[in-house]
2 protein chains.
Amino acid sequence: MSGTLSQGSSPARLTLWEEENFQGRRCELMSECSSILELSGFRRVRSVKVESGAWVGFEYPDFQGQQFILEKGDYPRSTAWSGSSGYRTDQLLSFRPLLCANHSDSRVTLYEGENFQGCKFELSDDYPSLPAMGWASKDVGSLKVTSGAWVGYQYPGFRGYQYVLEQDRHSGEFRKYSEFGTQAHTNQLQSIRRVQH
Amino acid sequence: MSGTLSQGSSPARLTLWEEENFQGRRCELMSECSSILELSGFRRVRSVKVESGAWVGFEYPDFQGQQFILEKGDYPRSTAWSGSSGYRTDQLLSFRPLLCANHSDSRVTLYEGENFQGCKFELSDDYPSLPAMGWASKDVGSLKVTSGAWVGYQYPGFRGYQYVLEQDRHSGEFRKYSEFGTQAHTNQLQSIRRVQH
């Protein structure tokens, strides 16, 4: 965990606290951290402020488990970053900066089937409801991110499990739903949006 | 509760079930309903499918309490529409269609102070992070919706309390945070997005 990662003029920076509402001991990150409890000596993370950049937080160490997108702003309690996933969790044990977000130029293509087969749809905007856009299935079989970073969600309105999809990981190619993330028990994807840096 | 309301080619339609996963008794709505338990005889609502249009669901009858935006798609359990608000609720007891959504032409102006005073910012896109956009405060004092419908959220990433803001209600003008909604205990607003019909 060394050095800084920057996009635009500011290095990525995130602060986290052991208690809610930014109380108790604090720890600042400027690069990825595979185990925050080891690094900080905390028992848990209860609040977060993202000062700059966009980050991905993970339920478990080593970037495993559910993913939670963390854009700039204040997260005074776990519900602020988790919303409600398929099952309740308030753990946030590893973090990494997300480097390729580009809110004004993001593109992703969704495919009905695995391995980029079947009907496809290229998106460059946010869709809180893929069904309302005309995507007939409740699933996405595979997808390609050609620019920027996206978050897909299990339910409409950006709710449920989050799948963080970056152009600079996996070469932007996700051939089947098991590549969306380690917690992907389902390929149900009903909303999707761009990440904002 | 009579008649149908339409936008574009399809009348607004929503189905709700007494149990999760679309099980048990069901009830279909095509217009507003101020008390779903009275109408349906159900003890509660545990799952929803929006077949067409966009709707607003409310925690209490008579369109009171927390607001939950419901765009087209499947909501198999309460966490699918509520995410996590400031406090846990799984009640959804009144509903109305939202008629003025226009995903491709939505405009809102945010003001730092009440009564449209202070710094302002006109938006026509979604912002999962108003801080990242340059909005310095964690609050919004007042706002004007000039077209479409928007949802403001307490936390970044479209999390926390939801404030549904429509051009055709209040003449699109919300002069102070108590006008954002009946449950607005705070004017903290860190993300905002367009509603999709």
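For chain A, an unreviewed UniProt entry supplies the name Beta-crystallin A2 and the organism Sarcophilus harrisii.

### With respect to the sheet that holds strand E16 (residues 191-194) of chain B
Residue and element names in this part refer to chain B. Strand order in this open sheet of 3 strands is E14-E13-E16, and the pairing throughout is antiparallel. With one partner strand each, in any of the chains shown, strand E14 (159-166) and E16 form the two edges of the open sheet. With strand direction ignored, the average angle separating the axes of adjacent strands in the sheet is 20°. Pairing of strand E13 (residues 149-155) with E14, which is carried by 6 bridges, proceeds in the antiparallel orientation. Bridge pairing in E14 links Tyr-153 to Gln-162.

### Re the pattern of salt bridges
Counted under the stated rule, the structure contains 28 salt bridges over all chains. Note that Glu-71 of chain A is salt-bridged to Arg-193 of chain A, the shortest N-O span being 2.8 Å. Pair noted here: Glu-71 of chain A is in the loop between strand E7 (64-70) and strand E8 (73-75) and Arg-193 of chain A is in strand E16 (residues 191-194), with a separation of 122 residues, a long-range link. In this structure Arg-193 of chain A comes out as buried when scored by relative accessible area, which is 0%. One salt bridge connects Arg-44 of chain B with Glu-19 of chain B, and the closest N-O pair in it is separated by 2.8 Å. You can see Arg-44 of chain B sitting in the loop between helix H1 (36-40) and strand E5 (47-52) and its partner Glu-19 of chain B sitting in the loop between strand E3 (13-17) and strand E4 (26-29), a full 25 residues away along the chain. Assessed through its relative accessible area of 23%, Arg-44 of chain B is described here as partly exposed. A relative accessible area of 25% places Glu-19 of chain B in the partly exposed class. Through salt bridges with shared partners, a single network forms among Asp-125, Asp-126 and Arg-194 of chain A together with Asp-125, Asp-126 and Arg-194 of chain B.

Rules used in this analysis
- Residues numbered from 1 in each chain as written.
- Chains lettered and ligands numbered in written order.
- Predicted model: local features only at pLDDT ≥ 70, side-chain atom pairs only at ≥ 80, totals over all residues.
- Heavy atoms only, no water.
- Pairing = 2+ DSSP bridges.
- Helix = DSSP H or I, 4+ residues; strand = E, 2+ residues; numbered from the N terminus.
- Axes fitted to C-alpha atoms, helices over the stretch in contact; angles between N-to-C directions.
- Salt bridge = Lys/Arg side-chain N within 4 Å of Asp/Glu carboxyl O.
- Buried < 20%, exposed > 50% of the residue type's maximum accessible area, 1.4 Å probe, protein only.

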